[in-house]
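Close look at the chain arrangement
Chain by chain, the residues run as shown.
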Amino acid sequence: MRLEDEKRIGVLEELLGERFSCRAFKPDPVPRPVIERILEAAQRTASWCNSQPWQIVIASGEAREKFRKEIYAAASSGMDDGDFPFPREYRGVYLERRRESGFQLYNTLGIQRGDRAAYAKQSLENFNFFGAPHVAIIHTDEALGVYGAIDCGAYVSNFMLAAQALGLGTIPQAALAHQSGLIRRHFKLGDTRRVVCGISFGYADRDHRINSYRTSRASLAEAASFVDD
């Protein structure tokens, strides 16, 4: 491997290793040129037939607060109106990983295992955007189906890496997509648009205990296999 290649992969590995789902943010807004730099980088995301199916709405300031109040109220009422099917169930190793991640979060906050009321209260913080000054909504075209959503997933990943490179914290939020109909109405999106997820972002509050833990990753042997013959 060439030295320059080693340096380039090293930067990517560093960004991937540093990134985490931020659940506490400073209130300081991110300057518009910084946000635009993130968007310019993420726009280079690969997509099927170069369709670039993602569209992004970013709410900040008063617009963010108005949206927060509306979506929080809807989520608190128990309303559920998603565009894409959510996981039917978590089984085996997927359930184990989900539990590990959840217990890390709850233990960090001092929430007792089995305290469903506290679980629900913390879950609703998704709809306060965890205090982030900005929230992005990622949506795609209905006709593109699951592959439009897959392309959006790649975009979300690149958005978060670009934000990490610029010193920001992010959290991707499928939870917001539970209110897809509300989101479409609130932002006056077309009837053919489908909400994939949200990303809350800003400057991470690194002193908050909720940002102190990191989730584990499966080994290469668990995730990949090689077929040579």
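Here's a quick rundown of the structure. Everything quoted here is computed from the prediction, not taken from an experiment.

1. Quick look at the pattern of salt bridges
By the definition in use, this model includes seven salt bridges. Linking Arg2 and Asp5 is a salt bridge whose minimum nitrogen-to-oxygen distance equals 2.9 Å. Each of Arg2, Glu4 and Asp5 takes part in one network of salt bridges that share partners.

2. Quick look at the nonpolar core
Counting residues in each nonpolar core, the largest one holds 25 residues, and the members touching the most others are Phe67, Ile71, Phe129, Ile137, Leu176, Ile183 and Phe187. Of all elements in the fold, only strand 1 (55-60), helix 3 (61-76), strand 2 (134-141) and helix 7 (180-186) reach the threshold of two or more residues within this core. Top contributing element to this core by residue count: helix 3, with four residues. Leaving out residues up to four positions away in the same chain, Phe67 has contacts with Phe129, Val135, Ile137, Leu182, Ile183, His186 and Phe187. One finds Ile38, Ala136, Ala162 and Ala163 within the second-largest nonpolar core, a separate group that totals 20 residues.

3. Focus: the packing of aromatic side chains
One pass over the full model with this rule turns up seven aromatic pairs. Arranged with centres 4.7 Å apart and planes meeting at 80°, the rings of Trp48 and Tyr147 form a pair that is edge-to-face. Of this pair, Trp48 sits in the loop between helix 2 (32-42) and strand 1 while Tyr147 sits in helix 6 (residues 145-165), placing them 99 residues apart in sequence. You can call Tyr147 partly exposed: its relative accessible area is 45%. Chaining the aromatic ring pairs together yields one cluster made of Trp54, Tyr155, Phe159 and Phe201.

Basis of the calculations
- Residues numbered from 1 in each chain as written.
- Predicted model: local features only at pLDDT ≥ 70, side-chain atom pairs only at ≥ 80, totals over all residues.
- Heavy atoms only, no water.
- Salt bridge = Lys/Arg side-chain N within 4 Å of Asp/Glu carboxyl O.
- Core = buried A, V, L, I, M, F, W, Y, C linked by side-chain atoms within 4.5 Å.
- Buried < 20%, exposed > 50% of the residue type's maximum accessible area, 1.4 Å probe, protein only.
- Helix = DSSP H or I, 4+ residues; strand = E, 2+ residues; numbered from the N terminus.
- Contact = heavy atoms within 4.5 Å.
- Phe/Tyr/Trp six-rings, centres within 6.5 Å; stacked < 30°, edge-to-face > 60°.

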